[in-house]
Amino acid sequence: MPHRDFLLQCSFLFLMGHLLFTGWNCRECQTFVEKFEGALGKGKGRKLYAYKVMMAKKMIKFNRDFENFKTACIPWERKIKEVESHFGSSVASYFLFLRWMFGLNMVLFGFMFGLVVLPEVLMGLPYGSIPRKVVPRAEQANAMDYSVLLDFGGYCQYSILFYGYYNDARTIGVFKFRLPLSYLLVGVGIFGYSLMVVIRMMARNSNEGGDGGDEGQFTFSFKMFTSWDYLIGNPETADNKFASVTTSFKESIVDEQENQKDENIHLRRFLRVLANFLILCCLGGSGFLIYYVVKQSQDNAKKDQDELTWFQKNEVDVVMSLLGLVCPPLFETIAELEEYHPRVALKWQLGRIFALFLGNLYTFLFALFDEVNEKLEEEKSIKNATMWSLKEYYANYSSYHNTTDVPPLDIAPADVVRGPCWETTVGVEFMKLTVNDIEVTYITILIGDFLRAVIVRFLNYCWCWDLEAGFPSYGEFDISGNVLGLIFNQGMIWMGAFFSPGLVGLNILRLISSMYFQCWAVMATNVPHERVFKASKSNNFYMGLLLLVLFLSLLPVIYIIMTMPPSFDCGPFSGREKMYDVILETLEELPTFIGNIVGYATNPGLILSAVLLMVLAIYYLNVTSKNYENANLELRKKMQMVNDYEHVNKHSQL
Amino acid sequence: MLGHKRFSCNHPSSTFFPLSRLFYRYRDLAPQLVPLDYTGQPDVRLPYELIGSMPELKDNPFRQRIAEVFSEDGEGNMTLDDFLDMFSVLSEMAPRDLKAYYAFKIYDFNNDDFLCKSDLEKTLNKLTRNELTEEEVRMVCDKVIDEADLDNDGRLSLEDFQHMIVRAPDFLSTFHIRI
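Procedures and definitions
Residues numbered from 1 in each chain as written. Chains lettered and ligands numbered in written order. Predicted model: local features only at pLDDT ≥ 70, side-chain atom pairs only at ≥ 80, totals over all residues. Heavy atoms only, no water. Helix = DSSP H or I, 4+ residues; strand = E, 2+ residues; numbered from the N terminus. Buried < 20%, exposed > 50% of the residue type's maximum accessible area, 1.4 Å probe, protein only. Contact = heavy atoms within 4.5 Å. Areas by Shrake-Rupley, 256 points an atom, 1.4 Å probe, with all protein chains shown as cover. Lys, Arg positive; Asp, Glu negative; His and termini not counted. Charge placed at Lys NZ, Arg CZ, Asp CG, Glu CD. Domains from an automatic or database assignment. Disulfide = S-S within 2.5 Å. Phe/Tyr/Trp six-rings, centres within 6.5 Å; stacked < 30°, edge-to-face > 60°. Salt bridge = Lys/Arg side-chain N within 4 Å of Asp/Glu carboxyl O. Buried area = accessible area lost by both parts, 1.4 Å probe. Polar contact = N/O pair within 3.5 Å; in protein donor to acceptor, adjacent residues only side chain to side chain. 1 Å grid on protein atoms, 1.4 Å probe; cavity = no way out; pocket = protein on both sides within 12 Å on 5 of 7 lines; lining within 4 Å. Points joined across faces, edges and corners; volume = space filled by probe spheres on them.

Visitor: What is the right way to look at the overall build of chain A in this model?
Guide: Along chain A, the regular secondary structure elements total 21 helices and two strands. Its C-alpha atoms give chain A principal-axis dimensions of roughly 120 × 75 × 55 Å. By residue count, 38% of the 654 residues in chain A fall in the buried class. Of the contacts formed within chain A by residues at least 6 apart in sequence, a portion of 77% connects residues at least 24 apart. Split by element, the accessible area of chain A, about 38,200 Å² in all, is 64% carbon and sulfur. If you average the places of the 58 positive and of the 67 negative side-chain charges in chain A, the two averages end up 12 Å apart.

Visitor: Which parts of the structure should I look at to understand the domain arrangement of chain B?
Guide: Size of an interface, as often reported, equals the accessible area lost when the parts are brought together. Domain assignment breaks chain B into domain 1 (17–90) and domain 2 (110–174). The straight-line distance from the C-alpha centre of domain 1 of chain B to that of domain 2 of chain B is 28 Å.

Visitor: Honestly, the state of the cysteines in this entry has me stumped. Any pointers?
Guide: This structure, assessed with the given rule, holds one disulfide over all chains. One disulfide bridge connects cysteine 421 of chain A with cysteine 570 of chain A, the sulfur atoms lying 1.8 Å from each other. In this structure the cystine formed by cysteine 421 of chain A and cysteine 570 of chain A twists about its S-S bond by roughly 100 degrees; its chirality is therefore right-handed. With a gap of 149 residues between them, cysteine 421 of chain A in the loop between α14 (342–401) and α15 (422–459) and cysteine 570 of chain A in the loop between α18 (540–563) and α19 (581–589) connect regions that are remote in the sequence. Here cysteine 421 of chain A falls in the buried class, since its relative accessible area comes to 10%. Here cysteine 462 of chain A is not cross-linked by a disulfide; its sulfur's nearest cysteine counterpart is in cysteine 464 of chain A, at 9.6 Å. Among the residues examined, cysteine 462 of chain A registers a relative accessible area of 57% and is labelled exposed. Cysteine 141 of chain B takes part in no disulfide bond, and the closest cysteine sulfur to it belongs to cysteine 116 of chain B, at a distance of 10 Å.

Visitor: In this structure, what is going on with the packing of aromatic side chains? I would like to understand it.
Guide: Each aromatic ring pair is described using two quantities: the centre-to-centre distance and the angle formed by the ring planes. Residues and elements named next belong to chain A. Per the counting criterion, the structure on display carries 45 aromatic pairs over all chains. With centroids separated by 5.9 Å and ring planes inclined at 85 degrees, the aromatic side chains of tyrosine 183 and phenylalanine 573 adopt a geometry described as edge-to-face. Residue tyrosine 183 is located in helix α8 (residues 179–207), and its partner phenylalanine 573 is located in the loop between α18 and α19; the two are separated by 390 residues in the primary sequence. You can call phenylalanine 573 buried: its relative accessible area is 0%. Plain terms: the ring middles of phenylalanine 364 and phenylalanine 430 are 5.4 Å apart, the flat faces sit at 70 degrees to each other, and that makes the pair edge-to-face. Within this pair, whereas phenylalanine 364 is found in helix α14, its partner phenylalanine 430 is found in helix α15, the two being separated by 66 residues in sequence.

Visitor: Got a minute to help me understand the pattern of salt bridges in this structure?
Guide: A side chain of one charge can pair with a side chain of the opposite charge if their charged atoms are brought near each other. According to the stated counting rule, one finds 23 salt bridges over all chains in the structure shown. In this structure, the salt-bridge partner of glutamate 92 of chain B is arginine 64 of chain A, at a minimum N-O distance of 3.8 Å. Residue glutamate 92 of chain B is found in the loop between α4 (80–89) and α5 (96–107), and its partner arginine 64 of chain A is found in helix α3 (residues 46–73); the two belong to separate chains. What makes arginine 64 of chain A partly exposed here is its relative accessible area of 32%. Linking arginine 45 of chain B and aspartate 43 of chain B is a salt bridge whose minimum nitrogen-to-oxygen distance equals 3.9 Å. Shared partners join several salt bridges into a network, and the residues in it are Arg170, Arg178, Arg576, Glu585 and Glu589 of chain A.

Visitor: So what exactly am I meant to see when it comes to the domain arrangement of chain A here?
Guide: Residues and elements named next belong to chain A. What the domain assignment lists for chain A is domain 1 (88–211 + 224–263 + 339–602) and domain 2 (603–653). The C-alpha-based centres of domain 1 and domain 2 are spaced at 39 Å. At the junction of the two partners, domain 1 supplies four residues and domain 2 supplies four residues. Surface buried jointly by domain 1 and domain 2 totals about 240 Å² across both partners, of which 47% is contributed by carbon and sulfur atoms.

Visitor: Please explain the interface of chain B and chain A as it appears in this structure.
Guide: Counting residues at the interface gives 62 residues for chain B, matched by 44 residues for chain A. Summed over both sides, the interface between chain B and chain A buries roughly 5,000 Å², with carbon and sulfur atoms accounting for 71% of that surface. Summed over the three residues of chain B that lose the most area to chain A, namely Asp59, Leu127 and Glu147 of chain B, the buried surface amounts to 13% of that side. At the junction of chain B and chain A, the tally comes to three salt bridges. For the pair chain B and chain A, the number of links is nine residue pairs in polar contact (both at pLDDT 80 or more). Among the secondary structure elements, those contributing two or more residues to the side of chain B that touches chain A are α1 (20–29), α5, α6 (117–128), α7 (134–148), α8 (158–165) and α9 (171–174) of chain B.

Visitor: Explain the layout of surface pockets here, please?
Guide: Where empty space is left in the structure can be found by rolling a water-sized probe over the atoms. Residue and element names in this part refer to chain A. As a volume, the second largest pocket reaches approximately 1,800 Å³. Along its surface, the second largest pocket is lined by 50 residues, and Lys81, Glu84, Ser89, Lys241 and Ser244 are the ones closest to its centre. Those elements that place two or more of their residues in the lining of the second largest pocket are α4 (77–87), α5 (89–123), α8, α9 (219–226) and α10 (235–260). For the lining of the second largest pocket, the element with the most residues is α10, which contributes nine residues.

This is the structure in structure tokens:
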């Protein structure tokens, strides 16, 4: 481009002038001139040089375009940047976390859909061919009713969405696809993949080091002189940039003020101990309340259902909702005694509400296990009844027709006696819980934020005090509540995906709609926090909680796979003693030497030695990483000393 | 070291004019004032209002200071030379020291060759559109002087500024206009 040649010329001329003043030696001048002579259109090698320069420019342009394309492919980048410039990096960290979860769920959905649902739909038996794939005759009358469908009964229940639909044939279709094995491996593989991704993210975050505030030497100077981007030529972008610069200054000011606070250590320590004691009391109280209410509901379940009031029937739900509404603001008020930096206070709040929500989880699992045990009992009795009636049929037939060659029963699939299929019930419970969760979240946002904003805005014209400045004013975005909601929701998905392949798909829809809805709600109805603070660079706290929830949700599923017997007439493992028997059956089909290898590998002695080796490796790596950290600190100190030395020198020279 | 060395290239005749694109941008601002033939070196100055309304500059909070720094008369009315100088300093290819020198002049609102407290306050208010409270503005300016002032005279000289800006990772990419 012409002006670049001009600039090259001008910088060349400028440098020549510079050289005359500072006196490069002749050698260097000559090599410099020779190097750039080609560009100025004189001397040999002009054509080749020009070609090289043109290719280099094209390469640079191509790289820039490709980078732009890659950045444009990242979804919701502009939305999140807008939220970040107006509300700060801490609120934006929630949306970044949401987007990362969406990516994780997309992969899980790919596994589930591609390896389990699609083969069954394309290569498995169609609806209506076998008993497990048909709505029972008794339920067919209202299988299409809206209320039944909403409860995931009727046609919903007997579809690919749930465990019970899948057939247990060892291989299906032309490609001999092993569906039961695939189902089991995908169920466990979902956990394995999630674990790998979470730990990789944590490791990558820990590289960036630091926890929040940058310890730069020129923080404020850089912010003042290099934060405005002169390339901005669009009024909307400029607005966002102004907002983000202001927010960034406010965040740094908060950090600076924390450093400058004067300390009354004893009073502060006492207040913090007091606050923790109060909160522990609250948590203990709520734990006891939950336990009491669950016990009550168990007793109530044994009584006659008509004698109970509505409250008694829904005790557990009401108490859990009340606790969820009352406790978080209570914790926040008590936490004001502690006077932590907002970033640290957020972490404490997250930890405390997490402890509260664990109680929630406990009641849910408790109720679920009760239901499962009940269904198992029912199944046993149905199994006995079916076997008895089959025996009767054989006995009657052979005695009536005087033969031992009895043809199989010819009953329409819809009329066959069915077991209760506890796995589908569990899947339905998880689905209902997720849908409930979605509804509650959206309604809370609509009422708590949107309605409030509308009322404050319009009632302000005819109210005695200033609604916008005083009570209730506009809401602030609740970071801890939303992050924990997201983490626990993911825990439910992990637990329920094994029993309901459709659950991951539902979650994807939920995450997408959440992103759009919450971005809109934040921009339209919320105001920035009073003390805007920078999110911790590492984001490892959210990841740590997510890892904990991953383990908590892994345990019940593994327990069920290992110990509970699958239903005898539904699902891909029907008829087997335990679910993992599929793996043993597959191993039998493989060549014997593989079976031998697996046999040796599962020897307890070998496994124990492997575990010991891994423990030693962990210890060794831990010690090495500590050593590296120490070495790092030493180097940093040395650099600081050199810097100070230079500083002092310059000062003495001036 | 640099001195006030503004460079102006001799403009060859229009057939070999290598800066045609910039020239046409300049002319498009006021076609009736700018002649096509510059061999006679006419004395044409475009008023600041036209410069400040260019799409590359109109959203920049410092556009007035930029125009003032690069214009001969110091008021923002620019000749073609000034125009070319401005965009060459702000381009990708200009050396870091040159950019630092001109950045210092842009942020020096009272033209006294020092960035004193009032200059910093004006810069900050332009950056945040007066959204920060007075106390916050004061605190930030104190911190900036604290961080960058090496000779302890309570204001930033060119050396202080350059010493700081040379260590900024974002300076070259933000102090850049593409035209």
